[in-house]
Amino acid sequence: MSVETVTETRLSPRERPLGRRRKVGRYVLPTYSWLVIGYLVFPIVIMMIYSFNRVLGGAQVVSFSWNGFTTLWYQQWSSVPGLTTAFWLSIRLALVSTVIATVLGTLLAMALVRYRSNKFRGKLAVEQILFLNIAAPEIVLGASLLGLFVTLNINRGFLTLVLAHVMFSIAYVTVTVRARLAGFDRSLEEAAYDLGANPLTTFRLVTLPLIMPGVLAGALMAFALSIDDFVTSNFVSGTSDPFPVWVYGATRVGIPPQVFVFGTFIFMVGIGFAFMSIVLSRKKS
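Structural notes, computed from the coordinates.

What counts, and where the lines are drawn
- Throughout, a residue's number is its position along its own chain's written sequence, starting from 1.
- Restriction of local features to residues with pLDDT of at least 70 applies here, the model being predicted, together with a cutoff of 80 or more for giving and counting side-chain atom pairs; totals for whole chains, interfaces and linings are based on all residues.
- Excluding hydrogens and water, the side-chain values take into account all heavy atoms of the structure.
- Going along the chain from the N terminus, every DSSP run of H or I of four or more residues is numbered as a helix, and every run of E of two or more is numbered as a strand.
- Whether a residue is buried, partly exposed or exposed follows from its accessible area with a 1.4 Å probe, protein chains only, as a fraction of its type maximum: under 20%, in between, or over 50%, in that order.
- Residues count as neighbours in contact if any of their non-hydrogen atoms are within 4.5 Å of one another.
- Shrake-Rupley sampling with a 1.4 Å probe provides the accessible areas, and residues are treated as covered by the protein chains on show and by no other component.
- Residues are said to line a cavity or pocket when one of their atoms sits within 4 Å of a point; the points come from a 1 Å grid over protein atoms alone, cavities being sets where a 1.4 Å probe fits but cannot get out and pockets being open sets with protein on both sides within 12 Å along at least five of seven lines.
- Grid points are joined across faces, edges and corners, and a volume is the space filled by probe spheres set on the points.
- Each residue gets one label: Ala, Val, Leu, Ile, Met, Phe, Trp, Tyr, Cys and Pro are nonpolar, Asp, Glu, Lys and Arg are charged, and the others, such as Gly, are polar.
- Should a side-chain nitrogen of Lys or Arg be within 4 Å of a carboxyl oxygen of Asp or Glu, the pair is scored as a salt bridge.
- The rule is short: rings of Phe, Tyr and Trp, with Trp giving its six-membered ring, pair when the centres are within 6.5 Å, and they are stacked under 30 degrees, edge-to-face over 60, tilted in between.
- Every axis in this analysis is a line fitted to C-alpha atoms, fitted for helices over the stretch in contact. Angles between the N-to-C directions lie between 0 and 180 degrees.
- Every angle not falling under 35 degrees, over 145, or within 65 to 115 is termed oblique; those three ranges are roughly parallel, roughly antiparallel and roughly perpendicular.

**Overview of the overall build of the protein**
Thinking step 1. Scanning the protein from N- to C-terminus turns up 12 helices and 0 strands.
Thinking step 2. Going residue by residue from the N terminus, the α and β elements of the protein occur as α-α-α-α-α-α-α-α-α-α-α-α.
Thinking step 3. For the protein, the proportion of its 285 residues judged to be buried stands at 32%.
Thinking step 4. Within the protein, contacts between residues at least 6 apart in sequence are counted, and of these 70% link residues at least 24 apart.
Thinking step 5. Accessible surface computed for the protein: about 18000 Å², of which carbon and sulfur atoms make up 67%.

**Quick look at the layout of surface pockets**
Thinking step 1. Taken as a whole, the largest pocket spans an internal volume of roughly 830 Å³.
Thinking step 2. Among the elements of the structure, helix H2 (18–50), helix H4 (83–114), helix H9 (199–228), helix H11 (243–250) and helix H12 (258–284) are those that each provide at least two residues to the lining of the largest pocket.
Thinking step 3. In terms of residue count, H12 provides more of the lining of the largest pocket than any other element does, 11 residues in total.
Thinking step 4. Classifying every residue of the lining of the largest pocket by side-chain character gives 24 nonpolar, 2 polar and 1 charged.
Thinking step 5. Along the walls of the second largest pocket sit Leu 107, Met 110, Ala 111, Arg 114, Tyr 115, Arg 186, Glu 189, Tyr 193, Pro 199, Phe 203 and Thr 207, which together make up its complete lining.
Thinking step 6. Only H4, helix H8 (186–194) and H9 provide two or more residues apiece to the lining of the second largest pocket.

**Observations concerning the pattern of salt bridges**
Thinking step 1. Applying the stated criterion across every chain yields a total of 2 salt bridges.
Thinking step 2. In this structure, Arg 114 engages Glu 189 in a salt bridge whose closest nitrogen and oxygen atoms are separated by 3.0 Å. A residue pair is termed long-range when its members are at least 10 positions apart, and Arg 114 in helix H4 and Glu 189 in helix H8 qualify at 75 residues.
Thinking step 3. Here Glu 189 falls in the buried class, since its relative accessible area comes to 3%.
Thinking step 4. Of the charged contacts in the structure, one is a salt bridge between Arg 178 and Glu 127, with a shortest N-O distance of 2.9 Å. Residue Arg 178 is located in helix H7 (residues 158–181), and its partner Glu 127 is located in helix H5 (residues 123–135); the two are separated by 51 residues in the primary sequence.

**Considerations on the packing of aromatic side chains**
Thinking step 1. The full count for this structure, using the stated rule, is 10 aromatic pairs.
Thinking step 2. Geometrically, the ring pair formed by Phe 52 and Phe 69 is stacked, given 5.2 Å between the ring centres and 10° between the ring planes. Of the two residues, Phe 52 sits in the loop between H2 and helix H3 (72–75) while Phe 69 sits in the loop between H2 and H3, which places them 17 residues apart along the sequence.
Thinking step 3. A residue is classified by how much of its surface remains accessible, and Phe 52, at 24% relative accessible area, is partly exposed.
Thinking step 4. Pairing Phe 52 with Tyr 74 gives two aromatic rings, centres 4.7 Å apart and planes at 20°, and the pair type is stacked. One end of the pair, Phe 52, is in the loop between H2 and H3; the other, Tyr 74, is in helix H3, with 22 residues separating them in the sequence.
Thinking step 5. Here a set of aromatic residues connected by ring pairs shows up, and it is made of Trp 77, Phe 87, Trp 88, Phe 243, Phe 262 and Phe 265.

**Quick word on the packing of H4 against H11**
Any two packed helices are characterised by the angle at which their axes cross and by the distance between the axes.
Thinking step 1. Viewed as axis vectors pointing N to C, H4 and H11 meet at an angle of 150°, and their least axial separation amounts to 8 Å. The angle between H4 and H11 places the two elements in the roughly antiparallel class. Here Leu 83, Ala 86, Phe 87 and Ser 90 of H4 lie close against H11, whose contacting residues are Phe 243, Pro 244 and Trp 246.
Thinking step 2. Along the lines of polarity and charge, the residues of the contact of H4 with H11 split into 6 nonpolar, 1 polar and no charged.

**Some points on unusual backbone geometry**
Thinking step 1. Residue Asn 153 is not a glycine yet carries a positive backbone phi of 60°.
Thinking step 2. Mapping Asn 153 onto the fold places it in the loop between helix H6 (138–151) and H7.
Thinking step 3. By relative accessible area, which is 65% here, Asn 153 ends up exposed.

Rendered as structure tokens:
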């Protein structure tokens, strides 16, 4: 009788299947993860496929019956009135709001990490407001901002869109950068001070490069939230319709295939930024 056989016979009935359960468990979580990823990516893949679908008939609207492969919609990407304007409005809005939210969110995260409650009065209130900003439904935020702008007699347009997008993006940037600052080694800044660097130089040459992965992650999140937002934008856009609001209005008469072209472009740009963030994070680490 071999050693393995003797060992197996000495195991209790409860201990014998433990190794088998562990072997099975190794495949459960990866399989579940890939299923979730597939579920999330499947609609995007369908959108990209049907951006090459030919349209039969007079009206150039999306058809979910496959009519043949064509690149016509990529050649005529700017032929739909109002769509190109709405798209570039969303791009400008996302860039401006991302820059503002990233700067303010990074500074706020540093204040929350560096200063205790006795030096930062209202720190607990700020943290609760950030949590409420993330937890509050978008319709509540949109309705409240609409009431504020109407009360202050501010014309709705690009300015109100920027203010709204910065407002709901700051909390996400702050939380992301704060997580990066949690493990920051303050002795590196103290060493820079000992070498004669002033606070601004220390921040520019020491602090910012070390927390840059968190800053980039927060900026990417702010950009994605801005380019994707519909509910809040629908309340405060006025006559300046960003891309999601324009698409919602187009659903009443039929979505043109060029919408899928712009959606594919946005997705590919997002993938590119994500890979760039991963590469920069690895280089920094």
